[in-house]
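# A look at the structure
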Amino acid sequence: MAARTIRIHREAPAQPPSGAPCNGCGVCCLVETCPAGRMLFRTRQDPCPALLWRGFRYDCGLVATPADFIGWLPAMLAGPAQTLFHRWIAAGKGCDCDIELEH
Ligand code: SF4
Ligand code: SF4
C-alpha cells in the first residue's frame, strides 16, 4: 500500500501488534472503510462515517449504536444488527491490521 497520511486522535491508544486484542486504536478504520461500512455507506472514503471517538478509544458505530447509522433500521432489529455487525467485522478478535504507522 502506498504511503498515506491519516489524522488520529492524540489520545488514541497505540496500535497493538498484529494478532493482539483490539484496543480501539482506530488505525484500520481511519485508513480504509471495511466491507460492511462500504456496503452501507457506499463509500471507501476514510475515515469511515461510523467511526466513533469515545474519549479514550475508537469504536465501531455499527456495533455500538447501529440505529444512528441505519435510519431505516426498526428498533426491534437493533440488537440483532449489533450481533450481526459484531460478527461481520470480527470485533473482539485479534487485530488483523498490518498497516505500519510512521509518526
Ligand atoms: S483492529 Fe487493530 S488497527 Fe483496528 S482498531 Fe483494533 S487494534 Fe486498531
Ligand atoms: S463500519 Fe465499523 S469496523 Fe467498519 S470501518 Fe466503519 S467503524 Fe470501522
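In this text, all values refer to a predicted model and were calculated from it rather than measured experimentally.

Our focus in this paragraph is the overall build of the protein chain. A count of helical and extended segments in the protein chain gives four helices and two strands. In sequence order, the protein chain lays out its α and β elements as α-α-β-β-α-α. For the C-alpha atoms alone, the extent of the protein chain along its principal axes is close to 45 × 25 × 25 Å. Here the protein chain, with 103 residues, has 21% of them falling under the buried criterion. A separation of at least 24 residues holds for 43% of the contacts in the protein chain among residues at least 6 apart in sequence.

Turning to the site of ligand 2, a few remarks are in order. By nearness alone, every residue bordering ligand 2 is listed as Cys-29, Thr-33, Cys-34, Ala-36, Gly-37, Cys-48, Ala-50, Leu-51, Cys-60, Leu-62 and Ile-89. Tallied by class, residues from the shell around ligand 2 come to nine nonpolar, two polar and no charged.

Ranked by size, the top nonpolar core spans 15 residues in total, and within it Cys-29, Ala-50, Cys-60, Leu-62, Val-63 and Phe-85 carry the most contacts. Where this core is concerned, the elements lending two or more residues are helix H1 (27-31), strand E2 (58-60) and helix H3 (61-64). Considering each element in turn, this core owes the most residues, four residues, to H1.

Moving on: the confidence of the model for the protein chain. Interpretation of this model should avoid reading the predicted coordinates in detail wherever pLDDT is low. On average, residues of the protein chain score 89 in pLDDT, and 99% of them are at 70 or above. Per-element averaging of pLDDT across the protein chain places helix H4 (residues 78-88) at the bottom with 89 and strand E1 (residues 51-53) at the top with 97.

Quick look at the environment of Gly-92 now. If you trace the backbone, Gly-92 turns up in the segment after H4. The class of Gly-92 is exposed, set by 10 C-beta atoms lying within 10 Å. Here the alpha-carbon distance between Gly-92 and Pro-21, two residues 71 residues apart in the chain, equals 6.9 Å.

Below, the discussion takes up the environment of Lys-93. Following the sequence through the fold, Lys-93 ends up in the segment after H4. With 11 C-beta atoms packed within 10 Å, Lys-93 lands in the exposed category. The sequence separation of Lys-93 and Ala-12 amounts to 81 residues, and the corresponding C-alpha distance is 19 Å.

Conventions we followed
Sequence positions are assigned chain by chain, starting from 1 and proceeding in written order. Each chain is given a letter, starting from A, and each ligand a number, starting from 1, according to the order in which they appear as written. Reporting in this predicted model follows two pLDDT cut-offs: at least 70 for local features of residues, and 80 or more for side-chain atom pairs to be given and counted; totals over whole chains, interfaces and linings ignore these cut-offs and use all residues. In this text, helices come from DSSP runs of H or I with a minimum length of four residues, and strands from runs of E with a minimum of two, each type numbered from the N-terminal end. Using C-beta atoms placed from the backbone, we call a residue buried if 20 or more other C-beta atoms fall within 10 Å of its own, exposed if 12 or fewer do, and partly exposed for counts in between. Residue pairs are scored as contacts if the distance between their C-beta atoms, which are placed from the backbone, is within 7 Å. Only the C-beta atom matters for this test: placed from the backbone, it must lie within 6 Å of a molecule or strand for the residue to be near it. Three residue categories are used. Nonpolar comprises Ala, Val, Leu, Ile, Met, Phe, Trp, Tyr, Cys and Pro, charged comprises Asp, Glu, Lys and Arg, and polar comprises the others, including Gly. The nonpolar core is taken to be a set of buried Ala, Val, Leu, Ile, Met, Phe, Trp, Tyr and Cys residues joined by way of C-beta atoms within 7 Å. For every residue, the predictor assigns a confidence score, pLDDT, that lies between 0 and 100.

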